[in-house]
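# Coordinate inspection notes
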Amino acid sequence: MKVLDCRGLACPEPVIRTRAALAEPGLNALQVIVDNDAARGNVTRFATNHGWRVASESRDGLHYLTLTPAGEGSASADSGATAPAGGSPSGQAAGFTITCAAAEELINEPAAVDGSVVLITAPVFGRGDETLGAKLMSSFLYALAEAERVPAQILFVNGGVRITTGDTPVKEHLQRLSERGTKIMSCGTCLDYYGLKDQLVIGEVTNMYSIVEACQRATRVITL
Amino acid sequence: MFRLNDEIALVQTVDFFTPIVADPYLFGQIAAANALSDVYAMGGRPLTAMNLLTFSPAVLAPEDAGAILRGGADKVAEAGAVIVGGHTVDDERVKYGLAVTGIVHPERVWTNAGARAGDALVLTKAVGTGIITTAMAAAAAPREAEEAAIESMRTLNERAAELARGAPVHGGTDITGFGLLGHLAELAEASRVDVVLYAGAVPLLPAVAALAADGYLPAGLYRNRDHFGARVAFAPDVAAELQDILYDPQTSGGLLLSLPAPEAERLAARMRAAGLPAAAIAKVAPGTGKITVREGMLS
């Protein structure tokens, strides 16, 4: 049985994670571990309301909620959580645990942003093959966007502005970062120099004074 | 409350909290409406306010901090009060609110100890902001619910208080963190009365029942139920979601005013005519601080 460990998580995070876990096709049982009554109540409600039966067992201050489909064909599938229609692939039965990260009271809360600044000076990551470099840049920004805490700002300077403009392959990752609270800033002089000023597709234009200030205020600066 | 002379008493109150909406200007407005509410709940008028803001430049851009303060300032101006100062502290976590000073006539202070048997209680805002903001944090709130909750939270209780001053109000409070039932229980205990709440009469924000059924309940709701549950008895036909909603902690909730039952109906009608979602929701009876919740409307 798949196990979702939601210890240490404040509401509504356990429901968000249960919702995501239940949306996985072919799931036939899920155990959710929570350590507070609010999370137990909320996960129970969500699951029950979306066609799952919940068995609850409490020991050592933890609540173990076992979610199974509510009954023959009665599992109602709707947005957010999909109950399985029939049997599930047996290969998935081996128990594995998804460990939830530390608690954040609210998603999109400013605390999910740390004090760091990432300075991106080229459209590619590292020196070497350009195609590989572009790929690495994309996966770096993807991983950054999925990190527990995102940087306060990403500053794009010199050739870096090529990936905030036009048909950039990393627009989606930058959008996700922006939604999570990261400021996406492109150097105005650089945009001018490359003739890209009217092609900016994400974030805002900045100048060298603001770049200096951002770097000086940052808890750390990561330069690519 | 501090009595200055026979005509004027000072009322002072402070409240601040972490952001509950993403937009800094709206957050400022909500925090200010919430902080000002206490003065209105005592029957007073706010005169001055002082900002309290914590943030660090690493987590909040200076222009966003400016937007929070602008939101607060606009609300304070709307209330006819002035901001006379404030204090900012460097903190990883953003918090904003105000310390508010107002005046009230010492003989006309509303407290939660003033309800009398034979009164009815008028609630001036719809309930459900805690559940909706929890659902918003999980990206599960319908837009309509989100907008209604934000609009409700940033609405000053000024207009409601003004209309209530024209009625024979015995006492009152405002609905905040303890939820409707928690504040009702406090009022019943302080006034040494029992209260019968008519669940069907309580105005609700859109989609609240569906979101409650889906488990988007803030932790504070569970705490309220644990803390006040022993004093509350529900009739068997009150739906589980509705029971939860009545314990939902509110941000910048409405006023709860106690006045003779016939007057309460008239005041609620006047408030509705002025565009407020007010309703007479409960009856006050002789007693010892117990709350009974029934299905249906107050008649």
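Residues numbered from 1 in each chain as written. Chains lettered and ligands numbered in written order. Predicted model: local features only at pLDDT ≥ 70, side-chain atom pairs only at ≥ 80, totals over all residues.

### With respect to the overall build of chain B
For chain B, the helix and strand inventory stands at ten helices and twelve strands. Along the first, second and third principal axes, the C-alpha atoms of chain B reach 55 × 55 × 35 Å. Here chain B holds 299 residues, and the buried ones make up 56% of them. Nonlocal contacts in chain B, meaning residues at least 24 apart in sequence, comprise 87% of its contacts between residues at least 6 apart. (Helix = DSSP H or I, 4+ residues; strand = E, 2+ residues; numbered from the N terminus. Buried ≥ 20, exposed ≤ 12 C-beta atoms within 10 Å, placed from the backbone. Contact = placed C-beta atoms within 7 Å.)

### Digging into the overall build of chain A
Regarding its fold elements, chain A presents six helices and ten strands. The buried share among the 224 residues of chain A stands at 34%. At a minimum sequence separation of 6, the contacts of chain A that also span at least 24 residues come to 72%.

### Examining the nonpolar core
Residues and elements named next belong to chain B. Membership of the largest hydrophobic core comes to 152 residues, with the highest contact counts inside it found for Leu121, Ile132, Leu184, Leu211 and Ile281. The element that contributes the greatest number of residues to this core is helix H1 (residues 24–41), accounting for ten residues. Apart from the residues within four sequence positions on either side, Leu121 is in contact with Leu256, Leu257, Ser258, Ala264, Ala280, Ile281, Ala282 and Val284. (Core = buried A, V, L, I, M, F, W, Y, C linked by C-beta atoms within 7 Å.)

### A few points about the pairing of strand S2 (residues 9–17) of chain B
All names here are of chain B. In this sheet, S2 lies alongside strand S1 (residues 2–3) in antiparallel orientation, the contact comprising two bridges. Note that in S2 the partner of Phe2 across the bridge is Leu10. The hairpin formed by S1 and S2 contains five residues between the paired strands. (Pairing = 2+ DSSP bridges.)

### Observations concerning the sheet that holds strand S10 (residues 255–260) of chain B
All names here are of chain B. The strand order across the open sheet built from seven strands is S7-S10-S6-S11-S8-S12-S9, with neighbouring strands paired in mixed fashion. Lying at the two open borders of the sheet, with one neighbouring strand each, are strand S7 (171–174) and strand S9 (232–234). This sheet shows a mean twist of 25 degrees between the axes of neighbouring strands, independent of strand direction. Summarising the sheet, S7 and S10 pair through four bridges and their orientation is antiparallel. Bridging across to S10, Gly172 finds its partner in Leu257. The sheet contacts of helix H10 (residues 261–273) involve strand S6 (119–123), S10 and strand S11 (279–286), and relative to S6 the element is tilted by about 20 degrees. (Axes fitted to C-alpha atoms, helices over the stretch in contact; angles between N-to-C directions.)

### Brief notes about the interface of chain A and chain B
Taken together, the contacts link 25 residues of chain A with 21 residues of chain B. Sorting the residues of the side of chain A that touches chain B by element identifies helix H1 (13–22) and helix H2 (37–49) of chain A as the ones contributing at least two each. At eight residues, H2(A) tops the list of elements feeding residues into the side of chain A that touches chain B. Of the residues assigned to the side of chain A that touches chain B, the class counts are 14 nonpolar, six polar and five charged. (Nonpolar A, V, L, I, M, F, W, Y, C, P; charged D, E, K, R; others polar.)

### Details of the domain arrangement of chain B
Residue and element names in this part refer to chain B. Along its sequence, chain B is organised into domain 1 (2–108) and domain 2 (119–294). A C-alpha centroid distance of 23 Å is found between domain 1 and domain 2. Facing the 16 residues of domain 1 at the interface are 16 residues of domain 2. Those elements giving two or more residues to the side of domain 1 that touches domain 2 turn out to be H1 and helix H2 (62–78). The leading source of residues in the side of domain 1 that touches domain 2 is H1, at ten residues. Among the residues making up the side of domain 1 that touches domain 2, the classes are represented as nine nonpolar, four polar and three charged. (Domains from an automatic or database assignment.)

### Things to note about unusual backbone geometry
With an omega dihedral of 5 degrees, the bond running from Cys11(A) to Pro12(A) counts as a cis peptide bond. By the secondary structure assignment, Pro12(A) is in the loop between strand S1 (2–5) and H1.

### Structural notes on the sheet that holds S2(B)
All names here are of chain B. Taken in spatial order, the five strands of this open sheet run S1-S2-S5-S3-S4, and their pairing is mixed. Sheet topology places S1 and strand S4 (82–90) at the edges, where each strand pairs with a single neighbour. Bridging between strand S3 (residues 45–55) and S4 involves eight bridges; their strand directions are parallel. Of the residues in S4, the one forming a bridge with Thr48 is Val82. Across the sheet, H1 is in contact with S2, S3 and strand S5 (95–104); its angle to S5 comes to roughly 30 degrees.

### What to know about the environment of Asp214(B)
All names here are of chain B. Within the secondary structure, Asp214 sits in the loop between helix H7 (208–213) and helix H8 (219–228). Take Asp214: there are 26 C-beta atoms within 10 Å of it, and that puts it in the buried class. A sequence separation of 74 residues divides Asp214 from Ala140, and the C-alpha atoms of the two residues are 9.6 Å apart.

### Brief notes about the packing of helix H3 (residues 129–137) of chain B against helix H4 (residues 143–153) of chain B
Residue and element names in this part refer to chain B. It is at 10 Å that the axes of H3 and H4 come closest, and there the two elements cross at 130 degrees. The angle between the axes of H3 and H4 places the two elements in the oblique class. Crossing handedness for the pair H3 and H4: left-handed. Of H4, the residues touching H3 (which contributes Thr129, Ile132, Thr133 and Met136) are Ala145, Glu146, Ala149, Ser152 and Met153. Across the contact of H3 with H4, the residue classes break down as five nonpolar, three polar and one charged. (Parallel < 35°, antiparallel > 145°, perpendicular 65-115°, else oblique. Left-handed = near helix turned anticlockwise from the far one by under 90°.)

### Some remarks on H1(A)
An α-helical turn contains 3.6 residues, so a residue and the one three or four places further along point in the same direction. Residue and element names in this part refer to chain A. A large share of H1 lies buried, amounting to seven of its ten residues. Among the residues making up H1, those that are buried are Glu13, Pro14, Val15, Ile16, Thr18, Arg19 and Leu22. Contact partners of the buried residues in H1: S1, strand S2 (30–34), H2 and strand S3 (52–59).

### Quick look at the environment of Arg116(B)
Residues and elements named next belong to chain B. With respect to the element layout, Arg116 can be found in the loop between S5 and S6. For Arg116 and Ser191, which are 75 residues apart along the polypeptide, the C-alpha to C-alpha distance reads 7.1 Å. Ignoring any residue separated from it by four or fewer positions in sequence, one finds Arg116 in contact with His170, Val193 and Val284.

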